[in-house]
Amino acid sequence: MATKDIAKIAKDFNDAYKNIKHRIVICGGTGCIAGGSLDVYKAFQTEMEKRNLPCSVEVTKGCRENYLSLSGCRGFCAQGPLVSVGDIFYTKVKVADVPEIIEKTLLKGEVIDRLLYHNPANNQKSKTVADIPFYAKQQRILLADCGRINPEDINEYIAHGGYAQAKRIYLEMTPEQVCKEMIKSGLRGRGGGGFPTGKKWEFARIEPEGKKYVICNADEGDPGAFMDRSVMEGNPNAVLEGMMIAAHAIGADEGYIYVRMEYPLAIKRIRKAIEEAEALGILGENVFGSGKNFKINVMEGAGASVCGEETALIASVDGMPKVKPPFPAHSGLFGKPTVINNVETLATVAKIFEMGPENFAKIGPATSPGTKTFAVTGHIANTGLVEVPMGTTLRQVINDVAGGTTNSDGTVNPEAFKAAQIGGPSGGCLTKEHFDVPLDFDSLKSAGAMVGSGGLVVMNEKTCMVNVARFFLEFTKRESCGKCVPCREGTDQMLSLLTDICEGRGTMKTLETLEDLAKAVQKSSLCALGKTAPNPVLSTLKYFKDEYLAHVVEKRCPAGVCKALAKYEIDPAKCKGCGMCKRACPVQAITGAVGKPHVIDPKKCIKCGSCKSTCKFGAVKIGA
Amino acid sequence: MSDRFKPAAQILKDNNYDSAKLIPILQKVQDAYHFLPEDVMRYIANELNISPAKVFGVATFFAHFAITPKGKHIIRVCNGTACHVKGSAGIIDAVKKKLKLKDGQETTEDLLFTLECVSCLGACGLAPVMVVDDVVHGQVTPAKAEELLDEVIKAEAK
Ligand SMILES: Cc1cc2nc3c(=O)[nH]c(=O)nc-3n(C[C@H](O)[C@H](O)[C@H](O)COP(=O)(O)O)c2cc1C
Ligand code: SF4
Ligand code: SF4
Ligand code: SF4
Ligand code: FES
Ligand code: FES
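Residues numbered from 1 in each chain as written. Chains lettered and ligands numbered in written order. Predicted model: local features only at pLDDT ≥ 70, side-chain atom pairs only at ≥ 80, totals over all residues. Heavy atoms only, no water.

## Some remarks on the overall build of chain B
- Within chain B, the secondary structure is distributed over seven helices and four strands.
- N-terminal to C-terminal, the α/β element order of chain B is α-α-α-α-β-α-α-β-β-β-α.
- Here the C-alpha coordinates of chain B stretch approximately 50 × 35 × 25 Å along the principal axes.
- A buried classification covers 49% of the 158 residues belonging to chain B.
- Long-range contacts, defined here as pairs at least 24 residues apart, represent 63% of the contacts in chain B between residues at least 6 apart.
- For chain B, the accessible area works out to roughly 7,800 Å², and carbon and sulfur atoms hold 53% of it. (Helix = DSSP H or I, 4+ residues; strand = E, 2+ residues; numbered from the N terminus. Buried < 20%, exposed > 50% of the residue type's maximum accessible area, 1.4 Å probe, protein only. Contact = heavy atoms within 4.5 Å. Areas by Shrake-Rupley, 256 points an atom, 1.4 Å probe, with all protein chains shown as cover.)

Take a look at the structure:
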């Protein structure tokens, strides 16, 4: 089938769009849906109907003056559900707010103060997205359209210039030129490794074999990161267009998107986008009349994070994880030359061609150009997705964009910052001393850290770094495929050593063994999962040795997290002597007369925590 | 053929008895049976002409597959990094205590609840996250977790 004329699609869309006076966008990303945004969407529909207001849910010829659409994640999930009416931006919107929004904002243009974003740092309210520091301080290229356009309407993507680059490239550029332009842009893979994308394509391009594949790695194995999910949910067509360009560059006619099945919404939107693209002939045979074919299949991963590692991923499309080399550019899926790229990498490609590779190369440092998206979570004022130029510092990301570290009760306190884990279980931690190191591949590497995939978990002083290392090891141990001994046994052993330390059985010898083992696993594991598994251990040992020492020498957890090392105490000033804790204690460790402060006998206490959860006056605390 | 294998037979047919599609086949079978019963896995192996060991291998490798029966209500507590640092361990403890689950036990004796600890549901902005029968709840505390369970228990008692 011939590809439909995209210039006409864009024009028709823009003509129809002129009818629209007010656009209401409700965030339909995973986070906001969890907060009830779909009900808010329905409430808008019903309320508009009830008031007989002309409303469309699609942009088509003759559409009406109010347009109601969902969007993908806007990266500000903790403030969700998000709703915007024109430029006015509302947070934490509930179904009950809908009639008022229609009455005041839609019909009269009035702003409802209570729903505006309230900045805890300076007590100011923001009316539009542009006024919110979280957004204003970002540079959104990849995420520019996420949250603005309707991800389930390919026409809107096209009206924003979508598929124009694919068309130009298929019709006017040779594969060699495409690779050259990509090399010129300097784009480095966003999946964690930072391998130059243009070079990766060039390797696959020069392979002679006929059948080749492009794989989009959407396994997002870092637990606690959601950059890739948001891009797929918010702008799935950008991923498809990137894959098309990659396919042209290497001479592939088939692609796979490997998505983890924990992302049902991303899968749904990607499938919808593929269907729409096929219906327009953008995917399929003879695309744009170029004589080339390209089709995309979706594979759902079944919850093994090692599959995000590229060789394992290929194998799991084929059958089961196995070992490299050969590297996939030479022999990948079904033994054919294959390019694997991360979602974010691919979704950036069309943007690079749109702005020109030279211009892209000018953003950020020369050796790691472009922007990078971080999923900033943990003890931070604004949890969310942050896209900034590479080379931005941790200080800028955490304090300026994300609003600063918070105490455990949520109040902002930049002083409470302890560490940020970057790159998930294969990453390492950044500390105060890295605060001003530019976040780019090379600077971080020379500082002994890494950019990783973009998960950035901010931790405050109340976080125990030994516990964090143990947490990651638990994860990697579970994920180890068990094929090679160093990783299978090594992660298991490291985990039990860390457990010993957390539970007060650690000695100096334990620390030594742990470090030796970590280095051995790093060296001798077969694949990158094993090779990177010790990173959290080694980096916490490096930067938080004192904390490990406190655990083994003083049998003390300075953050008060490790239960077995906790010392339960009753604050005599707060204790009312009600006796509740005494009754809750399974080992009669608590004594005291009615109405008098009670005390805990540390020798008897088995640290079960019952007293603390029982006391209504917050008198039981964990001392360090 | 006994009725028991009918759903599996249909799924195999839909996938053209293609052993390369083992993972999607098992996903569908799990949806139909709520878990992967051993006899059904043997049946699939037989029909696809592959060894049962291969099917068991795949079923135990991927965290998503369950080879023991699950409870009527599935409680998933996220223990991804973002949720972990925001205190998901306390929520897991509270759920275990409330449901009287021993260490290593996932499903209650009465098959009413299964507790699953999962790594990141992609809603990290709302951490810590708990999912009760596919409804996502954000910024959960141990007390809120207990309330949510109470609601289910109450609805069941009716
Ligand atoms: C243990 C492990 C897990 C990985 N998980 C992912 C993942 O979930 N998503 C991803 O894009 N890359 C992941 N990678 C990196 C991939 O192996 C691969 O380098 C990447 O997909 C290449 O794409 P890029 O060049 O666009 O970055 C992982 C690597 C390792 C070692
Ligand atoms: S390093 Fe770990 S995940 Fe990789 S092959 Fe060895 S056991 Fe499997
Ligand atoms: S429950 Fe609290 S207030 Fe009551 S006796 Fe114990 S510590 Fe004191
Ligand atoms: S922690 Fe448990 S054992 Fe210790 S005093 Fe409190 S209730 Fe008793
Ligand atoms: S899901 Fe709405 S902002 Fe992320
Ligand atoms: S870490 Fe819990 S939802 Fe991501």
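## Remarks on the site of ligand 4
- By nearness alone, 14 residues border ligand 4, and A:Cys585, A:Cys605, A:Cys608, A:Gly609 and A:Cys611 come closest of all.
- Class assignment for the residues of the shell around ligand 4 results in eleven nonpolar, two polar and one charged. (Near = heavy atom within 4 Å. Nonpolar A, V, L, I, M, F, W, Y, C, P; charged D, E, K, R; others polar.)

## With respect to the interface of chain B and chain A
- Contact with chain B, which involves 26 residues of that partner, is made by 39 residues of chain A.
- Note on chain B versus chain A: buried area summed over both sides is about 2,700 Å², and carbon and sulfur give 63% of it.
- It is B:Phe61, B:Thr81 and B:Val85 in chain B that bury the most area against chain A; as a group they hold 22% of the surface buried on that side.
- Across the chain B-chain A interface, the total number found is one salt bridge. (Buried area = accessible area lost by both parts, 1.4 Å probe. Salt bridge = Lys/Arg side-chain N within 4 Å of Asp/Glu carboxyl O.)

## What about the side chain of A:Asn341?
All names here are of chain A.
- Within the secondary structure, Asn341 is located in strand 11 (residues 338–342).
- A relative accessible area of 2% means that Asn341 is categorised as buried.
- Dropping the residues within four chain positions of it, Asn341 is found in contact with Thr197, Lys200, Trp201, Ile215, Cys216, Asn217 and Leu346.

## Structural notes on the site of ligand 3
- Taken together, 13 residues form the shell around ligand 3, and within it A:Cys575, A:Cys578, A:Gly579, A:Cys581 and A:Cys615 come nearest.
- Classifying every residue of the shell around ligand 3 by side-chain character gives nine nonpolar, three polar and one charged.

## A short note on the pattern of salt bridges
Residues and elements named next belong to chain A.
- Overall, the coordinates contain 45 salt bridges over all chains when judged by the stated rule.
- With its nearest N and O atoms 3.0 Å apart, the salt bridge here joins Asp145 to Arg148.
- The class of Asp145 is buried, set by a relative accessible area of 5%.
- Owing to a relative accessible area of 48%, Arg148 belongs among the partly exposed residues under this scheme.

## Brief notes about the sheet that holds strand 1 (residues 73–78) of chain B
All names here are of chain B.
- Ordered by their spatial adjacency, four strands build an open sheet running 2-1-3-4, and the pairing between neighbours is mixed. Of all the strands in the sheet, just strand 2 (113–118) and strand 4 (135–137) have a single pairing partner and so form its edges. Ignoring which end each strand starts from, the neighbouring axes of this sheet average 20 degrees apart.
- The pairing of strand 1 with strand 2 spans six bridges and is classified as parallel. Directly across from Arg76, in strand 2, lies its bridge partner Glu116.
- Contacts from helix 6 (residues 88–98) reach strand 1, strand 2 and strand 3 (130–132) within the one sheet, and its direction differs from that of strand 1 by about 155 degrees.
- Helix-sheet contacts for helix 7 (residues 142–157) involve strand 1, strand 2, strand 3 and strand 4, and the interaxial angle to strand 3 is about 5 degrees. (Pairing = 2+ DSSP bridges. Axes fitted to C-alpha atoms, helices over the stretch in contact; angles between N-to-C directions.)

## Some points on the pairing of strand 16 (residues 455–460) of chain A
Residues and elements named next belong to chain A.
- Across the six residues that make up strand 16, a large majority, six, are buried.
- Here strand 16 shows no split at all, with Gly455, Val457 and Met459 on one side and Leu456, Val458 and Asn460 on the other all buried.
- Of the strand pairs in this sheet, strand 12 (residues 371–378) and strand 16 are connected by four bridges, and their pairing is parallel. Each residue of the ladder has a partner; that of Thr377, found in strand 16, is Val457.
- One ladder, built from five bridges, connects strand 14 (residues 417–422) with strand 16; its direction is antiparallel. From the neighbouring strand, Gln421 faces strand 16, where its bridge partner is Val457.

## Quick notes on the domain arrangement of chain A
All names here are of chain A.
- When the domains of chain A are assigned, the result is domain 1 (11–136), domain 2 (161–361), domain 3 (371–463), domain 4 (466–552) and domain 5 (566–623).
- In this complex, domain 2 contributes 14 residues to the contact, which on the side of domain 3 involves 18 residues.
- Looking only at domain 2, the three residues that lose the most surface to domain 3 are Arg190, Asp222 and Met227, adding up to 42% of its buried area.
- One can count two salt bridges joining domain 2 with domain 3.
- Lys372 serves as the salt-bridge partner of Glu344, at 2.7 Å between the closest nitrogen and oxygen.
- Between the two partners, domain 2 and domain 3, sit five residue pairs in polar contact (both at pLDDT 80 or more).
- Taken together, the residues of the side of domain 2 that touches domain 3 break down into four nonpolar, six polar and four charged. (Domains from an automatic or database assignment. Polar contact = N/O pair within 3.5 Å; in protein donor to acceptor, adjacent residues only side chain to side chain.)

## Some points on the nonpolar core
Residues and elements named next belong to chain A.
- Tyr163, Trp201, Met244 and Ile282 are the most contacted members of the largest nonpolar core, which totals 85 residues.
- No other element matches the ten residues that helix 11 (residues 236–250) contributes to this core.
- Each residue touching Met244, except ones within four places of it in the same chain, is listed here: Tyr163, Ala166, Tyr170, Ile282, Leu283, Val287, Phe288 and Phe294.
- Core analysis: the second largest hydrophobic core is formed by 33 residues, Ile132, Met390, Val397 and Ile398 among them. (Core = buried A, V, L, I, M, F, W, Y, C linked by side-chain atoms within 4.5 Å.)

## Brief notes about the packing of aromatic side chains
All names here are of chain A.
- Counted under the stated rule, the structure contains twelve aromatic pairs over all chains.
- Judged by centre distance (5.4 Å) and plane angle (65 degrees), the ring pair of Phe76 and Tyr135 falls under edge-to-face. Pair noted here: Phe76 is in the loop between strand 3 (66–71) and strand 4 (83–85) and Tyr135 is in helix 5 (residues 133–136), with a separation of 59 residues, a long-range link. The pair formed by Phe76 and Tyr135 is uniform in burial state, with each residue classed as buried. (Phe/Tyr/Trp six-rings, centres within 6.5 Å; stacked < 30°, edge-to-face > 60°.)

## Description of the side chain of A:Ser610
All names here are of chain A.
- Within the element layout of this structure, Ser610 appears in helix 25 (residues 610–614).
- We classify Ser610 as buried; its relative accessible area is 18%.
- Leaving out residues up to four positions away in the same chain, Ser610 has contacts with Ala584 and Pro586.

## With respect to the environment of A:Asp601
- With respect to the helices and strands, the residue A:Asp601 is situated in the loop between strand 19 (599–600) and helix 25.
- Each C-alpha atom, one on A:Asp601 and one on A:Thr591, is 7.9 Å from the other, the two residues being ten residues apart in sequence.

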